[in-house]
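Breakdown of the fold
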Amino acid sequence: MTYPVKVLGFGDNVVDKYEHLKMMYPGGNAVNFAVYAKQFGAERSAYMGIFGSDKEAEHVIASLEAEQIELVKCLQVIGENGCSKNTVINGDRVFLESNEGGIRGDMRYALNRFDLEYIRQFDVVHTGNYCFTERELPKIKAAGVPVSFDFSDDSEDAYFEAVAPWVTYAFLSCSDLEEAKIREKLKWIASLGPAFACASRGAEGCIAYDGNRYYVQPAMPVEKMADTMGAGDSLLTSFLVGYLSAKKAGQSNDTAITASLEAAAVFASRICGIDGAWGYGVHYDD
């Protein structure tokens, strides 16, 4: 199925190195967003960010090209690509260490007028708290393009207060909080500016809030668990693609959110059966 939606992932790209397997996989929140959107059926999906010049960068680029992701506004500079090291314990990803984005952490992507002209071609831009893109959000909002933002699970209140006013769709992970606390947090985030806030809860599914009501979506069964890498990214991506398409078709907000959350839960359960975020693993040597 193809959805009449055009999306752009802006920010991080990494290789996720699985130490227990000596395999590395392409990933990163913004990259995963672009790939999952394409796989879910978005009409157009692009990634914009900074690559390094090492073999890790080349593997990410080649994998994105294989997935037919638009890369025309990317930069490649001399330096180390973003890299994280992980392992998997009982099906769950366990983070070990990272190089803090590599060269991308040192050289920030500063949007100019020509970048913004490009960005205006899309229905939504997705980025997150590991992307080093916070200072660019006011430019994107001023350009009239909705921003989706992944606050992950480690953003402090001051960070929400600084970033959320520029965000239309806010996502975070709250698997360690009880439901009442999650509802309270979502309502607070929405009060800062976002029109929609969603908290993923791992095996418990997710809870969303649109300023008027809460939506509870259970997780769908996973037929064959590989690991949870990309589960949250795939959920938010497929939700946004489905939701934006439904709104374009004239559906009510309640109907669009309910149906899109259910479809997203199904898509995320399939992603949990893939090694890495979206495959393309290759062996590496230290």
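Structure's up top.
A brief report on the enclosed structure follows. (Residues numbered from 1 in each chain as written. Predicted model: local features only at pLDDT ≥ 70, side-chain atom pairs only at ≥ 80, totals over all residues. Heavy atoms only, no water.)

A separate point is the sheet that holds strand β13 (residues 214-217). With respect to topology, nine strands assemble into an open sheet ordered β5-β4-β1-β8-β9-β10-β11-β12-β13, the strand pairing being mixed. Each edge of the open sheet carries a strand with a single partner, namely β5 (75-76) and β13. Pairing between strand β11 (residues 196-200) and strand β12 (residues 206-209): four bridges, direction antiparallel. Residue pairing for β12: serine 200 is matched across the bridge by cysteine 206. Across the sheet, helix α2 (residues 55-66) touches β4 (42-51) and β5, and the angle it forms with β4 is around 170 degrees. The strands touched by helix α7 (residues 179-191) are β10 (169-173), β11, β12 and β13; relative to β12, the strand with the most contacts, the crossing angle is about 35 degrees. (Pairing = 2+ DSSP bridges. Helix = DSSP H or I, 4+ residues; strand = E, 2+ residues; numbered from the N terminus. Contact = heavy atoms within 4.5 Å. Axes fitted to C-alpha atoms, helices over the stretch in contact; angles between N-to-C directions.)

The tally for this structure, following the rule as stated, stands at one cavity of 30 Å³ or more. Volume-wise, the largest cavity comes out at about 40 Å³. Lining of the largest cavity is provided by Phe10, Gly11, Gly49, Ile50, Arg104, Tyr109, Cys131, Phe132 and Thr133. Broken down by secondary-structure element, the contributors of at least two residues to the lining of the largest cavity are β1 (3-11) and β4. Among the residues forming the lining of the largest cavity, the class breakdown is five nonpolar, three polar and one charged. (1 Å grid on protein atoms, 1.4 Å probe; cavity = no way out; pocket = protein on both sides within 12 Å on 5 of 7 lines; lining within 4 Å. Points joined across faces, edges and corners; volume = space filled by probe spheres on them. Nonpolar A, V, L, I, M, F, W, Y, C, P; charged D, E, K, R; others polar.)

On to α7. Compared with the 18 Å implied by 1.5 Å per residue over 13 residues, the 19 Å span of α7 between its first and last C-alpha is a close match. Structurally, α7 contributes buried residues whose contacts are with α6 (157-163), β10, β11 and β12. (Expected span 1.5 Å × (residues − 1).)

Right, let's get into the packing of aromatic side chains. For the structure on display, the rule yields 19 aromatic pairs. Ring centres of phenylalanine 40 and phenylalanine 267 lie 5.2 Å apart, and the angle between their planes is 75 degrees; this geometry places the pair in the edge-to-face category. A residue pair is termed long-range when its members are at least 10 positions apart, and phenylalanine 40 in helix α1 (residues 29-40) and phenylalanine 267 in helix α9 (residues 253-271) qualify at 227 residues. Judged by relative accessible area, phenylalanine 40 falls into the buried class, the value being 13%. Here tryptophan 278 and tyrosine 280 contribute two aromatic rings whose centre-to-centre distance is 5.4 Å and whose plane-to-plane angle is 65 degrees, an arrangement assigned as edge-to-face. What makes tryptophan 278 buried here is its relative accessible area of 4%. Given a relative accessible area of 31%, tyrosine 280 falls into the partly exposed group. We note lysine 17 situated over the ring of tyrosine 284; from NZ or CZ to the ring centre the distance is 4.9 Å. Sitting above the plane of the tyrosine 214 ring, arginine 183 keeps its charged end 4.8 Å from the centroid. (Phe/Tyr/Trp six-rings, centres within 6.5 Å; stacked < 30°, edge-to-face > 60°. Buried < 20%, exposed > 50% of the residue type's maximum accessible area, 1.4 Å probe, protein only. Lys NZ or Arg CZ within 6 Å of the ring centre and 35° of its normal.)

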